[in-house]
Amino acid sequence: MKHNHSISYLTTLSIAVGVSAQLQAAIPFESCPSQAFMLQNPSGTPIAYGISLDVGSYSTLSWEVSSGKINAVGYSVHDDFIYGWDYGAQSLTKIGSDFISNPLSVSNLNIGPTSFYVGDVSTNESAWYGYRINNGLFKIDIDTLTMSQVATSTTIGKLRILDMAFHPDDGIIYSVDNYGYLYQIDPTTGASTQLNQVISSSGVGHSLSFGAQYFDVDGTLYLSNNGNGYIYAVDINGMNSSSEFFAYGPSSNSNDGARCAFAAVGQNDNSDYGDAPDSYGTLYDSMGARHGVSDLMLGDVVDGESDAYVYPLSDDASDSSNDDDGISFPVPIEIQETSFIYANVNGAEGEGVLSAWIDWDQDGQFNEDEIILNSEWVDDGQNQLYFNVPSWALAGTTWARFRLSRTYDLGPNGGVSMGEVEDYQVTVTDQGVSVELYPSGAAYTTFAYEDQYPKVGDYDMNDVLMNVKYTEYSHSNNVIQLRIDGQVAALGGTYRSGFAIRLPGISPSKIKSASVKLIIDGELQNTEVVESGTTDAVLIVHEDLWSFTESGEEEGCYMFRTQIGCGTQYRPSWTLIIPFEQPISQAQMPDFPYDPFIYATPGYYHGNDGLLVSGGHPGRGLEVHLKNKTPTSKFNYGYIGRSDDTTNTAAGTYFHTSNGLPWAIELPLDWKHPIESISILDAYPQFANFAQDETGQTATDWYVTPITGKAYTD
């Protein structure tokens, strides 16, 4: 049974707040406390709680602040009291550190409504402001205790807000409405400005009603959601304002909050953090996973720190105790197998909840589909919990995060009031996974392209020269992942070209696109690899090969390894890692080498035919494939039959001339390509005979010995 984390109204102490209490001298708070205060009215009697926003923990400060409901509260930085609207007295009340309501005698109350549920105290002046939809914005001067109307509902608008807060720097009012839009309100005129939507119910998966809103000294606005207590932090930046999840706090459907806006929401020394790299959300400034230290813990030890010690540091170095002692892995973690862990729990008392994630695709983040334990109930002692390793997991070392609490539906980040977080480096193995290589061993194959299609052009077949090798990973005769490695061997084209690999017969939906990795020269690329809008899956390596390739090292070189004297040891390299959503049977996979092709870089001139067919820059619609490979669904068939192309779609023959000459060929790694502007027919005279024989049996060794002086060497 799920544990209800709403602050519940328990049997209260019978504290009568009569006239004698109201006449007592109110006691101010300590100057600008960092704690936030929340007043809730679960059954009409207000209860006061202290909230630590960093982890969302709370403590009861008073079981009965008044005999009637109190709302629209705000903290005054001018005298260190809380002011709010007492529904029983139908007036402003003053609350000190003893949490006793002291209703005030305010003149002109008759100009406003009899109740307010939205309010705060100005940071610039000793004045309380209250808003009521359809009534407008009102002000009570705390020194003179006089009410005045700042703006009617016509001026301020009919804002669907449940609380508001004054900014510590400029004294402007801010509030986020029930639709997630941020509003800026001028307290002198009451004019409101709708800024951008900083949070949406569809984006976070729950309804929005922010009954408590606070600022800190840095100008960060904190929103506490009534329904579930989730706390969000808003970065105020005009129309570019944004929010992040911050912590799991107490929930209630009848609350209001107050806080000194000049106090920091800081870390305390009694929080537990993980120690994975900060890309996983570990440090406080990264909204890292953190728990208030309590008796609920994983293992026998939990320690508190003010911030995380991220890998390769460790929080154990701060106190010489190893608190990552709650989780053990008794069996290997193998791809597409079931594994399990032992979780040693203390302090659960039948109400422990464990959630966990493993970064299966090793992208440095815990994603939604990487949760392995989703709010699993655990109790004191050793708990054995099972999880499945997906087929798309990558072999190697990665990170796991375990979070023990009493809160259901925890994510991998943010603060929570109790429990412990433990991060572990784990090893995922591919035992039981078979590997098929193309070509065999560690060798590469080579693809050579002439980029002047549909013209033959200079036919030097060195415009793009790409070395590629393929690895298919299979489990139980089903392919679960691909790895494709490549390096640019030569670029001799003045036109700009992109390079891609098509998987014939494989739908793009079969690929787990979010986990695909493209690494160029050792750097992980932040780009969409799986092309959208295609029938077959197309993997884009790069749309402009010249953008990460340089010409030869000598002066006067303008090509990459195609001109005499323009050699270089540098080879731009790339790696594609492609996991499938579900394993694909080996019988359904296309034959090696799939379908590697080049295409015209968008936005660049690519010959007169490209200009005539496309009416401008041809871009993605101009493709060059190996002979008799069908083009992709994005190919512009206007190139068929133009200039030297004699493609016969009815016969299923593509990308060849009337003499059978192709615009792309596959060769061994050590092939010596022609020098710039020297035709392959001159460098390798037997190539024409080979190309014209459909059986491929003529001059099969045509590429072995070039004519002296016509092939490139470094």
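This structure is a prediction, so every number in the text was calculated from the model and none was measured.

1. So, the overall build of the protein chain
- From N to C terminus, the protein chain includes 7 helices and 44 strands.
- Radius of gyration (C-alpha) of the protein chain: 34 Å, far over the 27 Å computed for a compact globule of 714 residues.
- Considering only C-alpha atoms, the protein chain reaches an extent of 110 × 60 × 50 Å along its principal axes.
- Counting every position in the protein chain, which comprises 714 residues, the buried fraction comes to 54%.
- Of all intrachain contacts in the protein chain linking residues separated by at least 6 positions in sequence, the fraction that spans at least 24 positions is 65%.

2. A look at the pairing of strand 41 (residues 573–585)
- Bridge count between strand 36 (residues 478–490) and strand 41: 9 bridges; the pairing is antiparallel. Looking at the pairing, Asp485 lines up with Thr575 of strand 41.
- Relative to strand 41, strand 38 (residues 517–520) runs antiparallel, the two being bridged by 4 bridges. In the strand pairing of strand 41, Lys517 is matched with Ile577.

3. Some details on the sheet that holds strand 8 (residues 118–121)
- On the basis of which strands lie adjacent, the open sheet formed by 4 strands has the order 8-9-10-11 and antiparallel pairing. Every other strand in the sheet has two partners, leaving strand 8 and strand 11 (146–151) as the edge strands with one partner each. This sheet shows a mean twist of 20 degrees between the axes of neighbouring strands, independent of strand direction.
- The pairing of strand 9 (residues 127–132) with strand 10 (residues 136–141) spans 6 bridges and is antiparallel.

4. Comments concerning the environment of Leu539
- Mapped onto the elements, Leu539 comes out in strand 40 (residues 537–542).
- In this structure Leu539 touches Ile484, Phe499, Ala500, Ile501, Leu503, Ile511, Val529, Val530, Leu576 and Ile578, once residues within four positions along its chain are discounted.

5. Side note on the packing of aromatic side chains
- Enumeration over the complete set of coordinates arrives at 47 aromatic pairs.
- Between Phe597 and Tyr599 the ring centres are 6.2 Å apart and the planes differ by 50 degrees, which places this aromatic pair in the tilted class. Neither Phe597 nor Tyr599 differs from the other in exposure class; each is buried.
- Lys69 extends its terminal NZ or CZ atom over the ring of Tyr87, reaching a point 5.0 Å from the ring centre.
- For the cation-ring pair, Lys512 lies above Trp392, with the distance from its terminal atom to the ring centre recorded as 4.2 Å.

6. Let's talk about the confidence of the model for the protein chain
- With 94% of its residues at a pLDDT of at least 70, the protein chain reaches an overall mean of 91.
- A low-confidence stretch, residues 1–23 stays under pLDDT 50, and its non-local contacts, those more than four residues away or across chains, total 40 contacts.

7. Overview of the pattern of salt bridges
- By the definition in use, this model includes 14 salt bridges.
- One salt bridge connects Arg496 with Asp544, and the closest N-O pair in it is separated by 2.7 Å. Note that Arg496 is positioned in the loop between strand 36 and strand 37 (497–503) and Asp544 in the loop between strand 40 and strand 41, a separation of 48 residues in sequence.
- The buried category is assigned to Asp544, whose relative accessible area is 8%.
- Among the salt bridges present, the one from Glu531 reaches Lys634, with a minimum N-O distance of 3.5 Å. Remark: Lys634 occurs in the loop between strand 43 (623–624) and strand 44 (664–668) and Glu531 occurs in the loop between strand 39 (523–524) and strand 40; sequence separation between them is 103 residues.
- Judged by relative accessible area, which is 12%, Glu531 ranks as buried.

Reading the values: rules and limits
Residues numbered from 1 in each chain as written. Predicted model: local features only at pLDDT ≥ 70, side-chain atom pairs only at ≥ 80, totals over all residues. Heavy atoms only, no water. Helix = DSSP H or I, 4+ residues; strand = E, 2+ residues; numbered from the N terminus. Rg over C-alpha atoms; globule rule 2.2 N^0.38 Å. Buried < 20%, exposed > 50% of the residue type's maximum accessible area, 1.4 Å probe, protein only. Contact = heavy atoms within 4.5 Å. Pairing = 2+ DSSP bridges. Axes fitted to C-alpha atoms, helices over the stretch in contact; angles between N-to-C directions. Phe/Tyr/Trp six-rings, centres within 6.5 Å; stacked < 30°, edge-to-face > 60°. Lys NZ or Arg CZ within 6 Å of the ring centre and 35° of its normal. pLDDT = per-residue confidence, 0-100. Salt bridge = Lys/Arg side-chain N within 4 Å of Asp/Glu carboxyl O.

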